[in-house]
Amino acid sequence: MAAASEADLMSKIVSLCKRRGFVFQSSEIYGGLRSSYDYGPMGAELKRNLMAEWWRAMVHSREDIVGLDASIMMHSDVWRSSGHLAGFSDPLVDCKVCGERFRADKAPRLAEGEPAPITLADKGRAKAAQERIKDLSEAPLTRSKATLTGALAGACGYVCPNCGSPFLSDERQFNLMFRTSLGPVDRIGDIINVVRENLGEGATDGDIRRKVEETLADSAVYLRPETAQAMFVNFLNVQQSMSMKVPFGIAQMGKSFRNEVTVEHFIFRSCEFEQMECEYFVPPGEGPKYLEIWKDTRRAWWEGIGLKPENIRLRVHEPDELAHYSDGCWDVEYRFPWGWDELEGLASRTDYDLKAHSEGSGKKLLYFDPEATDPETGKKGWRYLPHVIEPAAGATRGVLAVLCDAYDEEPADAEGKGARTVLRLHPRLAPIKAAILPLVKKDGMPELGRAIVQRFLDAGINAKYDEQHSIGKRYARHDEVGTPYCLTVDTQTLSDDTVTIRYRDDRRQERIHVGEAVDVILAALRG
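Residues numbered from 1 in each chain as written. Predicted model: local features only at pLDDT ≥ 70, side-chain atom pairs only at ≥ 80, totals over all residues. Heavy atoms only, no water.

J.: Account for the overall build of the chain, naming residues and giving values.
T.: Looking only at helices and strands, one finds 16 helices and 27 strands in the chain. In the chain, once contacts between residues fewer than 6 apart in sequence are set aside, the share between residues at least 24 apart is 66%. Just so you have it, the chain exposes about 26000 Å², and 50% of that area is on carbon and sulfur atoms. (Helix = DSSP H or I, 4+ residues; strand = E, 2+ residues; numbered from the N terminus. Contact = heavy atoms within 4.5 Å. Areas by Shrake-Rupley, 256 points an atom, 1.4 Å probe, with all protein chains shown as cover.)

Next up, the structure:
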């Protein structure tokens, strides 16, 4: 990119997203809601196009994968069997200086005894904090404007990500699932009754908490933290109804919810997000073989939708990173403005999930292959729990990666003209495929322009009629939203039925016949 450096790329993308209708802060007129975002007209189209490309590649282009669209809310025992109720939690810490609540495992690391300067928003807050924490520090703290010095990192090895303070609360586990109640019940009234009864009996805080949890349990449901579990629970339903033979996969796209303590980097990590996941079931022992195939397949897909190869890499998980049940895992990582980060995970999960749900539900989730030889008996016909490969991609992270990769700034020429901001989106991902621009708003050009738009819409191509502002400003506007083709209706169009097509990436222009316009752009999209 010519002008925008990695340091300020993120702020420019956030600004572009709001200005051009990609992403808005949710509930903005009420001050916004932390970690919640609304996708505007351009963002909704971009996200839908990205997810449609994934579905086309994973389901419509293969015979061995079928789709599923499962409920967001599932039986609580699903999450109990999967381990989410017991283990899906983060170590949570509060800063005693600024009040920030954060995940301990994501905090900045410092060695014990290393200086830990504390930086507040202004010198007034720094002065108040100095007085408030004077009893927490073994040595007196020195203040210079909004910064306190003299504090040292503690044995925990991390500091507050907001202000840098080492004065922190003890870690406590925080479950990431959103809980609600199903049915016409008054949970608040039930909780009040439990608290009253137990306070009268002198119960401890732990006893009261346990009683409250028991009271809530009978009607508790959770917003799913991932789409994967529904595919395991429906394994036999899908396999039998569709007569699928192992190896085969189940794919699902949709919203998931995690009550993240640390939300960061715009839409990269938020509490409500969309996933694109597949569970690919294979015979026991063949997980590593299929993991190798899938990691290359998924990297190639991201490159195929326009991400630059130099911005994508595969990273293998070290043995100490693997879950206890996994025999291999890779991440497809993208080079975001803040560094390399996960775009998609690919895990060989063995038979852990099907076994867990089989034991939890009491139902056998076995697959029978009449042609295979049972390794234990040596006879034909093998009944087994399949192993699974899980390619799990983030749709919202994918949108951000696409925006980062496509964003470009071209400098002005020697005469100070021609500078522009452009989104070099893959044409199939572009929210608007073609913009139809009448040169002027008279002489029959608007009517002809709208007729051309209708041809595109009838062909299933999202096109937009645009007559506002000068032709140069309209080109610039469509460069910023990533429209790959602009068709200008001018005086020549009225005489010979041709239009000027302008190509976004190199600004090249040529004349084509109106009757060929749809076919020209369809061919480009298919290519």
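Past the structure itself, the notes keep going.
J.: Explain the packing of aromatic side chains residue by residue, including any values.
T.: The relative placement of two aromatic rings is captured by the distance of their centres and the angle of their planes. Taken as a whole and judged by the stated rule, the model has 18 aromatic pairs. Members of the aromatic cluster, joined through ring pairs, are F232, F235, F248 and F281. Stacked on the ring of F268, the Lys or Arg R397 has its end atom at 3.8 Å from the ring centre. The side chain of R508 reaches across the aromatic face of Y503, ending 4.1 Å from its centre. (Phe/Tyr/Trp six-rings, centres within 6.5 Å; stacked < 30°, edge-to-face > 60°. Lys NZ or Arg CZ within 6 Å of the ring centre and 35° of its normal.)

J.: Describe helix α11 (residues 352-361), and please don't skip the residues or the numbers.
T.: Among the residues making up α11, those that are buried are D353, L354, A356, H357 and S358. Residues of α11 that are buried make contact with α3 (76-82), α8 (228-233), α9 (235-241), β14 (272-282) and β20 (387-394). Phi for G362, located one or two positions after α11, is positive at around 80°. (Buried < 20%, exposed > 50% of the residue type's maximum accessible area, 1.4 Å probe, protein only.)

J.: Tell me what's going on with a positive patch on the surface, and back it up with residues and numbers.
T.: On the surface, K123, K127, R143 and K145 cluster together into a patch of positive charge. The residue K127 is located in helix α5 (residues 123-132) in this model. The class of K127 is exposed, set by a relative accessible area of 54%. (Patch = residues over 30% accessible without salt bridge, like charges linked within 9 Å, V, L, I, M, F, W, Y side chains within 5 Å. Salt bridge = Lys/Arg side-chain N within 4 Å of Asp/Glu carboxyl O. Lys, Arg positive; Asp, Glu negative; His and termini not counted. Charge placed at Lys NZ, Arg CZ, Asp CG, Glu CD.)

J.: Run through the nonpolar core, naming residues and quoting values.
T.: By size, the foremost hydrophobic cluster in this structure holds 53 residues, and its most contacted members are F22 and W302. Looking at this core, the elements with two or more residues in it are α1 (6-19), α2 (41-60), β14, α10 (287-304), β16 (328-336), β17 (339-348), β20 and α12 (395-406). Formed by 29 residues, the second largest nonpolar core is a distinct cluster that contains W79, I250, L354 and V388. (Core = buried A, V, L, I, M, F, W, Y, C linked by side-chain atoms within 4.5 Å.)

J.: Which residues make up the sheet that holds strand β11 (residues 179-181), and what values go with them?
T.: Taken in spatial order, the three strands line up as β4-β12-β11 in an open sheet, and their pairing is antiparallel. Single-partner strands in this sheet number two, and they are β4 (73-74) and β11. Bridge analysis of β11 against strand β12 (residues 220-223) gives three bridges, and the strand direction is antiparallel. If you follow T180 over to β12, its bridge partner there is V221. (Pairing = 2+ DSSP bridges.)

J.: Provide a residue-level description of the pattern of salt bridges, including the pertinent values.
T.: Overall, the coordinates contain 39 salt bridges when judged by the stated rule. For the salt bridge of E480 with R20, the shortest nitrogen-to-oxygen distance reads 2.6 Å. Taken as a pair, E480 in helix α14 (residues 471-481) and R20 in the loop between α1 and β1 (23-25) lie far apart in primary sequence, 460 residues in all. Relative accessible area serves as the criterion here: at 11%, E480 is assigned to the buried category. R20 gets classed as partly exposed once you look at its relative accessible area, which sits at 26%. A salt bridge links R298 to E344, with the nearest nitrogen and oxygen atoms 2.8 Å apart. Taken together, the positions of R298 in helix α10 and E344 in strand β17 put the pair 46 residues apart, joining distant regions of the chain. Accessibility assignment for this pair places R298 and E344 in one class, buried. Counted as one network, the salt bridges with shared partners bring together D408, E410, R420, R424, D479, R502, R504, D505 and R507.

J.: Explain the state of the cysteines residue by residue, including any values.
T.: The tally for this structure, following the rule as stated, stands at zero disulfides. Cysteine C156 remains unbridged, with the sulfur of C95 as its closest cysteine sulfur at 11 Å. Note on C156: relative accessible area 35%, which makes it partly exposed. (Disulfide = S-S within 2.5 Å.)

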